[in-house]
Amino acid sequence: NAGVTQTPKFRILKIGQSMTLQCTQDMNHNYMYWYRQDPGMGLKLIYYSVGAGITDKGEVPNGYNVSRSTTEDFPLRLELAAPSQTSVYFCASSYDHGGNEKLFFGSGTQLSVL
Amino acid sequence: EDKVVQSPLSLVVHEGDTVTLNCSYEVTNFRSLLWYKQEKKAPTFLFMLTSSGIEKKSGRLSSILDKKELFSILNITATQTGDSAIYLCAHAGNMLTFGGGTRLMVKP
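Residues numbered from 1 in each chain as written. Chains lettered and ligands numbered in written order. Predicted model: local features only at pLDDT ≥ 70, side-chain atom pairs only at ≥ 80, totals over all residues. Heavy atoms only, no water.

Enumeration according to the criterion identifies ten aromatic pairs over all chains in this entry. Here the aromatic rings of B:Tyr36 and B:Phe45 are separated by 5.9 Å at their centres, their planes lie at 75°, and the arrangement is edge-to-face. Its relative accessible area of 28% is what places B:Phe45 among the partly exposed residues. The ring of A:Phe74 has A:Arg68 lying over it, and the distance from NZ or CZ to the ring centre is 6.0 Å. (Phe/Tyr/Trp six-rings, centres within 6.5 Å; stacked < 30°, edge-to-face > 60°. Buried < 20%, exposed > 50% of the residue type's maximum accessible area, 1.4 Å probe, protein only. Lys NZ or Arg CZ within 6 Å of the ring centre and 35° of its normal.)

Attention shifts here to the state of the cysteines. Counted by the stated rule, this structure contains two disulfides over all chains. The disulfide partner of A:Cys23 is A:Cys91, and the S-S distance across this bridge is 1.8 Å. Here the disulfide of A:Cys23 and A:Cys91 is left-handed, its torsion about the S-S bond being about -70°. Of the two residues, A:Cys23 is situated in strand S3 (residues 19-25) and A:Cys91 in strand S9 (residues 87-94); the sequence distance between them amounts to 68 residues. With a relative accessible area of 3%, A:Cys23 lands in the buried category. Across the disulfide, B:Cys23 is cross-linked to B:Cys89 (sulfur-sulfur distance 1.8 Å). The disulfide joining B:Cys23 to B:Cys89 has a torsion of about -55° about its S-S bond and is therefore left-handed. Linking B:Cys23 in strand S3 (residues 19-26) with B:Cys89 in strand S9 (residues 85-92), this pair joins segments that are 66 residues apart in sequence. Taken as a pair, B:Cys23 and B:Cys89 share a single burial class, namely buried. (Disulfide = S-S within 2.5 Å. Helix = DSSP H or I, 4+ residues; strand = E, 2+ residues; numbered from the N terminus.)

This brings us to the interface of chain B and chain A. It is common to give the size of an interface as the accessible area that goes away when the parts come together. Of the residues lining the interface, 20 residues belong to chain B; the matching set on chain A comes to 23 residues. Here chain B meets chain A over a buried area of about 1700 Å², counting both sides, of which 59% is carbon and sulfur. There are zero salt bridges connecting chain B and chain A. Here chain B is connected to chain A by three residue pairs in polar contact (both at pLDDT 80 or more). Those elements that place two or more of their residues in the side of chain B that touches chain A are strand S4 (32-38), strand S5 (44-49), S9 and strand S10 (96-98) of chain B. When residues in the side of chain B that touches chain A are grouped by element, the largest group, four residues, is from S4(B). (Contact = heavy atoms within 4.5 Å. Buried area = accessible area lost by both parts, 1.4 Å probe. Salt bridge = Lys/Arg side-chain N within 4 Å of Asp/Glu carboxyl O. Polar contact = N/O pair within 3.5 Å; in protein donor to acceptor, adjacent residues only side chain to side chain.)

Now for the pairing of S3(B). All names here are of chain B. Here S3 shows a buried face lined by Val 19, Leu 21, Cys 23 and Tyr 25 and an unburied face lined by Thr 20, Asn 22, Ser 24 and Glu 26. Inspection of the sheet shows strand S1 (residues 3-7) paired to S3 by five bridges, in the antiparallel sense. Among the inter-strand pairings, Ser 7 is bridged to a residue of S3, identified as Asn 22. Across six bridges, S3 lies against strand S8 (residues 71-76) in antiparallel orientation. Along S8, the bridge assignment pairs Val 19 with Ile 76. (Pairing = 2+ DSSP bridges.)

Another aspect to go through is the sheet that holds strand S8 (residues 76-78) of chain A. All names here are of chain A. Reading across from one edge, S1-S3-S8-S7 is the order of the four strands in this open sheet, with antiparallel pairing throughout. With one partner strand each, in any of the chains shown, strand S1 (4-7) and strand S7 (64-66) form the two edges of the open sheet. Geometrically, the sheet is characterised by an average inter-axis angle of 20° between neighbouring strands, direction not taken into account. (Axes fitted to C-alpha atoms, helices over the stretch in contact; angles between N-to-C directions.)

Of all hydrophobic cores here, the largest spans 21 residues; its most connected members are A:Tyr33, A:Tyr35, A:Leu103, A:Phe105, B:Leu96 and B:Phe98. For this core, the secondary structure elements donating two or more residues are strand S4 (31-37), strand S5 (43-51) and S9 of chain A together with S4, S9 and S10 of chain B. At four residues, S9(B) tops the list of elements feeding residues into this core. (Core = buried A, V, L, I, M, F, W, Y, C linked by side-chain atoms within 4.5 Å.)

Next up, the structure:
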């Protein structure tokens, strides 16, 4: 039972570098989400997707991009890394909208931008 | 803009104590309120509440929702060191909005 798989678990970037955080789920969930969690804070929604080919902005989308070419995969792209993007990133999925179904989370990616 | 506020920010208790964590919300389109426990990494689901006044219970944890006063509480009785974690409350409206969390530390 893989559930939601995120890679990498840790990454250090230099300012201005780019990277892609990978997220895949094997539960055939329609909804997928990317959150970031700063130290001592709750989770803030970056982007979400309601199905393949459909994505939308969350609360804090600036500096990020996403795509959803398949039901399983929802990668998050950082184009020009900035220190403000130092955070823990969580991918999550649910079968239905988060209001009707609990979220399943990946194990997180700890990203530091120096 | 939907808002979820949790209190207290942090709490230190001793094993055997009972704690109450608070979650208040201001939302435009209420669907449900969820509680999660976050230990080392990813949050794990505890409860989903949709109706006022109906208590959800799981072992020593219980939660209740008041839709009129727009808040929910999470109770933990006879706390154990394994209850130490961040407890997150989230409102599910048009999207899932999380509060800032309450960091609970249970000392032996």
